[in-house]
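Single-letter residue listing:
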Amino acid sequence: MPDEKKKVFDVESAASLVKELRGSFNAGKTKSYEWRIAQLKGIEKMIDEREKDIIEALHEDLSKPELEAFVSEVSMSKGACKLALKELGHWMKPEKAKTSMTTYPSSAEIVSEPLGVVLVISTWNYPFLLSIDPVIGAIAAGNAVVLKPSEIAPAISTLLSKLLEEYLDNSSIRVVEGAVAETTALLEQKWDKIFYTGSPRVGRIVMAAAAKHLTPVTLELGGKCPVVVDSNVNLQVAVRRIIAGKWACNNGQACIAPDYVITTKDFAPKLIDVLRHELEEFFGKNPIESEDMSRIVSVQHFKRLTRLLDEDEVSDKIIIGGQRDENQLKIAPTILVDVPEDTEIMKEEIFGPLLPILTVENLEESFDVINSKSKPLAAYLFSENKQLQKDFVNNISSGGMLINDTILHLTVSSLPFGGVGESGMGSYHGKFSFDTFSHKKAVLYRGFTGESPARYPPYTPGKLKLL
Ligand code: NAD
């Protein structure tokens, strides 16, 4: 069908979609354990049967290497789904709560109830995982859900639309494809929850729209994630882990990718030597041609990154890399040293393959540098010094933290994943996903005994003594 025949998704379409899904939700369709399990099994089957299509679409959108696509998108999505399938019975069970003398005799419990009709707005860098993972949480918690994938990863967006229609219950789970206009139409509706992944700039738009309806939001945003490197580490392992978190994760286009490194002036030359050596080991002498690295997602992002690099006082600080190829949308791993703090590269989230290294006299200074910026989504420290580790945990505020590695905390489903301050609000993964899409209803049960006369008027002086 030619594009112009396609019906535009406007405010009216959004309203009728929400009405339809609310009808399903109000009819109780999504609430049963059986429905939730059937949908989760549908997702599991979909990933199993269509793994190849997912990996191909990820290659089309981002040139994502097959192994990376499998590990960080397919396998993680499957893992989230399997965990929900295994634990759902436990998660749904009401939680017993203590009661007080005031209510004696009584019992109490916390009941997790679905919120209703929820909206998930996703992003492009892990376009499959970051769409399906919150959808798994929304379904596990018994909600009807609309997913709006990112238009910047169009192959995955179209695939998700097709696959969710094919494998899941369309009366309660839907995909709306589109960009700003479609998202704006969706945001005008009254939702029972909005789960947004993306930039703090759009996060503000989402939150303002949600405020009109008093809709709760989870905002999974980004920020500048620091890596502090001490001189007492196993340097080769530390460097490999930094590279894995930066360039082997979507070529730096990851929300928890290391954004900048801080180390001491004395140690920096050693660190740079090993970085140079290991980068060459992994990506060869001409990394632009490496098949093991994703490309930059779009011309617009490519230009944003090269603009950061070409700023006065930045380009002459490049000590490794700097090569680029606009036709392939590739930028080589690029390391810069002691870029001035007032440059854009040191102010905005880089979200690409550039890594500035900042040098300080002693590592304690790194705390002031980090705390002078907005709270990051993740903060990393490489050090064997236990006191420094403790100080780092106690003095740096960030969404998550990892000592002696990068990125991996996100794979631990018993840890909440989310930001703080400018890097977001709320969290998900594992049981936290279920909780994010549930209302915790306080329920107190009483019988007809345990009457206290002091509770009822008239409030005679004698009644005070009974309390
Ligand atoms: P973005 O905010 O530009 O886009 C994300 C979504 O918002 C897309 O679905 C898009 O269609 C929609 N959107 C864009 N402009 C809009 C507008 N004006 N009104 C309404 N909707 C709009 O973000 P992005 O460029 O896709 O992602 C990059 C950011 O996302 C980075 O800051 C990164 O750190 C962050 N991120 C965070 C996480 C996380 O889990 N915390 C994961 C990935 C990316």
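Computed from a prediction, not measured in an experiment: that's the story for all the values here. (Residues numbered from 1 in each chain as written. Predicted model: local features only at pLDDT ≥ 70, side-chain atom pairs only at ≥ 80, totals over all residues.)

(A) A look at the overall build of the protein. Within the protein, the regular secondary structure consists of 15 helices and 18 strands. Whereas a compact globule of 467 residues would reach a radius of gyration of roughly 23 Å, the protein reaches 25 Å, a difference of no more than 12%. Its C-alpha atoms give the protein principal-axis dimensions of about 85 × 65 × 35 Å. Looking at the protein as a whole, 43% of its 467 residues qualify as buried. Partitioning the intrachain contacts of the protein with sequence separation of at least 6 by distance along the chain shows that 68% fall at a separation of at least 24. (Helix = DSSP H or I, 4+ residues; strand = E, 2+ residues; numbered from the N terminus. Rg over C-alpha atoms; globule rule 2.2 N^0.38 Å. Buried ≥ 20, exposed ≤ 12 C-beta atoms within 10 Å, placed from the backbone. Contact = placed C-beta atoms within 7 Å.)

(B) Representation of the site of the ligand. If you check the shell around the ligand, you find 28 residues, and the closest are Gly198, Val202, Glu220, Gly222 and Cys255. At the level of elements, helix H6 (180-187) and helix H7 (200-212) are the ones that each hand at least two residues to the shell around the ligand. Top element by residues in the shell around the ligand is H6. It accounts for three residues. Of the residues assigned to the shell around the ligand, the class counts are 12 nonpolar, 12 polar and four charged. (Near = placed C-beta within 6 Å. Nonpolar A, V, L, I, M, F, W, Y, C, P; charged D, E, K, R; others polar.)

(C) Layout of the sheet that holds strand E3 (residues 117-121). Ordered by their spatial adjacency, six strands build an open sheet running E5-E4-E3-E6-E7-E17, and the pairing between neighbours is mixed. Every interior strand has two partners, whereas the edge strands, strand E5 (173-175) and strand E17 (424-425), have only one. Two strands pair when backbone bridges link them, and E3 and strand E6 (residues 193-197) are joined in this way by four bridges, in the parallel orientation. Note on E6: the bridge partner recorded for Leu119 is Ile194. In this fold H7 packs onto E3, E6 and strand E7 (217-220), with an angle of close to 180° to the strand it touches most, E7. (Pairing = 2+ DSSP bridges. Axes fitted to C-alpha atoms, helices over the stretch in contact; angles between N-to-C directions.)

(D) Representation of the pairing of strand E4 (residues 144-148). The element E4 is extensively covered by neighbouring structure, given that five of its five residues are classed as buried. Here E4 shows no split at all, with Ala144, Val146 and Lys148 on one side and Val145 and Leu147 on the other all buried. The pairing of E3 with E4 spans five bridges and is classified as parallel. Bridged to Val117 within E4 is Ala144.

(E) Quick peek at the pairing of E3. Burial within E3 is extensive, with five of its five residues counted as buried. Alternating residues of E3 divide into Val117, Leu119 and Ile121 and Val118 and Val120, and every residue in both groups is buried. For the crossover from E3 across helix H4 (residues 129-140) to E4, the handedness is right-handed. (Right-handed = clockwise from strand over helix to strand, strands pointing away.)

(F) View of the UniProt feature "domain: Aldehyde dehydrogenase" (unreviewed entry) in the protein. UniProt tags residues 16-443 as "domain: Aldehyde dehydrogenase" (unreviewed entry). Strand forms 19% of residues 16-443 and helix 43%; the C-alpha atoms that close the span are 34 Å apart. (UniProt positions renumbered as here; feature names shortened; annotations may be inferred.)

(G) Unusual backbone geometry, seen in detail. Cis geometry marks the peptide bond from Tyr104 to Pro105; its omega dihedral reads -5°. Here Pro105 is to be found in the loop between strand E1 (95-97) and strand E2 (106-114). For the bond from Pro457 to Pro458, the omega torsion is -5°, close enough to zero to count as cis. If you check the backbone angles, Glu313 has positive phi at about 75° while not being a glycine. For Glu313, a count of 11 C-beta atoms within 10 Å puts it in the exposed group.

(H) Broad picture of the packing of helix H8 (residues 235-246) against helix H9 (residues 268-283). At their nearest, the axes of H8 and H9 sit 9 Å apart, and the two run at 60° to each other. In terms of orientation, H8 and H9 fall into the oblique class. Read as a crossing pair, H8 and H9 show a hand that is right-handed. Two secondary-structure elements touch here, H8 through Leu235, Gln236, Val239, Arg240 and Ile243 and H9 through Lys270, Leu271, Val274, Leu275, Glu278, Leu279 and Phe282. Taken together, the residues of the contact of H8 with H9 break down into eight nonpolar, one polar and three charged. (Parallel < 35°, antiparallel > 145°, perpendicular 65-115°, else oblique. Left-handed = near helix turned anticlockwise from the far one by under 90°.)

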